[in-house]
Amino acid sequence: MTRKHRLAALLPLLASLASPGSAWAIDLVIGTASEPSAMDPLFSRTGPNQNIAMQIFDRLVETDAHLGMHPSLAESWATLDPTTWRVSLRKDARFQDGKPVTADDVVFSLERARNVPNSPAPFSNNVSGVASVKALDATTLEVKTDVPTPDLMERIGFVYILERAAAEGKSLQDYNKGEGLVGSGPYRFKEWVPGDRVVLTRNDGYWGQKPAFETVTIRFIANDAARVAALRSGAVDLIDGVPPADLPVLEKTAGLKVHAIPSARLIYLALDTAREESPFVTDKEGKPLKPNPLRDLRVRQALAKLINVPAIVERLLNGAGVPAGQLVPDGVGGFDPALQPVAYDLAGAKALLQQAGLKDGFGITIHSSNDRFAGDKDIAQAIGQMFARGGIKVNGVVTQPYNVYAGAASRQSFSAFIFSFGTTTPTAGPGLRNLFMTADPKAGTGGFNRARYSNPGFDKALAEALTQFDEGKRIAAIQAATKMVFAELPVVPLYWQKIAWASKANITYEPNMAEDTSAARAGLAK
């Protein structure tokens, strides 16, 4: 065989080695369970949106796999006095168009985060309490707060930084078309095809660890079985939201790997305690019921006792969860070992309903997403069955795609609805502030308080806790505020999720408690 013929014979082999998923892969295809609702990185703090934003844009700080906080665009920070901070930016960071990242770009991004119209989960919470931000020079910021704010970097540090020159004046529609999407992150935006995919390309000028892939295609595959099948067939290289029932099989499948970690995501049932009449609460005949029984603590306690969380974790999730009695798990600042999950107690639940004057129960509809986390729609059905055993008339169980469902929940469209909150900060403080403080856009509190729970005593206790610079005192005060809010059960905590990704054997992935599905955490096995 001549040299020319030998080369011709090798070409198909070389091509196969360079294909996605091979040991020589230069492209990555990710199958993800949930689709983002927009490309604007500051439109929504929900996970699907952030999973796209974090690949294009950087933040002042980042977290490691266990939520430890580390410098990113911010090289260092310090307090000059209890309400004045000095933040120094790294000098080698550049946007994807080659322009340097400056303090003015950070000022623009923090100011923009205050008011993004129609956001279902706003970043305004991250910048509330910030009195002023100014650029002292190209890489130095001065931040003044209204009150002492020791967790300031846990707040402003997680706002995505846009280039002012590219982003200023752009609308949501502009961002969705790719206009203004100039970040300093490892990948550049190429296209978004709603309902199908987002495509990113490598930023060769990235200041951090060099991206491993030339092109990243993120495909939206909501159906669990279809997502697993896409991985097993080789159509994708990496998937998130691995269904717990599939883990044993995938772990034993040659050519595949599972990457798993316990997360800080709380799955919970939110209850409408804010309104005298709730849209999906009825009497036993299906007529609107007033006053709203969910406002009665005894009713909320009864509903909590009707949910057999250990059975859900064992039978529906194959053990991929830890029953919860508060916002954050052990290991996150503010966890209180004294707060235990509510135990299943059918007789006790019925007694509480009788005490509340509802011995014959009442009617309710349960809402849930069907593509946000493993088993979400099945869990809704299971809770409906458990409520029915306790004498509650379940008028329906309705599930929706998350990118529709999240907005509806923010508009108070539901009465009892399953949602989740993933803590991505080292302490529970920011999460408690977002999820349970009185919803007040001007104050930037309660941005995720979809049930509109309000307790002035809790608000005051948490606000005071978050002004404590002494870490031990701050954590103790956060624990006290946590006890206060969970004693009232505005949400019924169910479990903390154990999460898993799966990939082809030649793809590495860093599982992380923040649940990031990002090409920046992926690489090629050596």
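Just above sits the structure.
Since this is a predicted model, take the numbers as computed values, not measurements.

Participant: Which residues make up the pattern of salt bridges, and what are the values?
Facilitator: Counted by the stated rule, this structure contains 24 salt bridges. With a closest N to O distance of 3.8 Å, Arg86 and Glu142 form a salt bridge. In this pair, Arg86 is assigned in strand 5 (residues 84-89) and Glu142 in strand 7 (residues 140-145), connecting sequence segments 56 residues apart. Looking at Arg86, the relative accessible area reads 30%, which means it is partly exposed. Of the charged contacts in the structure, one is a salt bridge between Glu214 and Arg202, with a shortest N-O distance of 3.6 Å. Of the two residues, Glu214 sits in the loop between strand 9 (197-202) and strand 10 (215-220) while Arg202 sits in strand 9, which places them 12 residues apart along the sequence. In this structure Arg202 comes out as partly exposed when scored by relative accessible area, which is 25%. Among the ionic contacts, a cluster of salt bridges with common partners joins Glu191, Asp196, Arg197 and Arg219.

Participant: Account for helix 16 (residues 456-465), naming residues and giving values.
Facilitator: For the α-helix, the turn length of 3.6 residues means that residues three or four positions removed from each other point alike. Inspection of helix 16 places Phe458, Asp459, Leu462 and Ala465 among the buried residues, and these make up the whole buried set. Buried positions in helix 16, seen along its axis, are confined to an arc of 130° and lie on one side of it. Exposed positions of helix 16 whose direction lies more than 90 degrees from the buried face are Pro456 and Lys460. Those residues of helix 16 that are buried are in contact with helix 15 (429-436) and helix 17 (471-488).

Participant: Describe in detail the sheet that holds strand 6 (residues 130-137), supporting the description with residues and values.
Facilitator: Ordered in space as 4-5-7-6, the four strands form an open sheet in which the pairing is antiparallel. Taken across any chain shown, the strands that pair with only one partner, and hence form the sheet edges, are strand 4 (74-81) and strand 6. Between one strand and the next, the sheet's axes are offset by a mean angle of 20°, whatever the strand orientation. Pairing of strand 4 with strand 5, which is carried by six bridges, proceeds in the antiparallel orientation. When the sheet's bridge partners are listed, Asp81 is paired in strand 5 with Thr84. Contacts from helix 3 (residues 103-112) reach strand 5, strand 6 and strand 7 within the one sheet, and its direction differs from that of strand 6 by about 165°.

The rules behind these values
Residues numbered from 1 in each chain as written. Predicted model: local features only at pLDDT ≥ 70, side-chain atom pairs only at ≥ 80, totals over all residues. Heavy atoms only, no water. Salt bridge = Lys/Arg side-chain N within 4 Å of Asp/Glu carboxyl O. Helix = DSSP H or I, 4+ residues; strand = E, 2+ residues; numbered from the N terminus. Buried < 20%, exposed > 50% of the residue type's maximum accessible area, 1.4 Å probe, protein only. Arc of directions from axis to C-beta. Contact = heavy atoms within 4.5 Å. Pairing = 2+ DSSP bridges. Axes fitted to C-alpha atoms, helices over the stretch in contact; angles between N-to-C directions.

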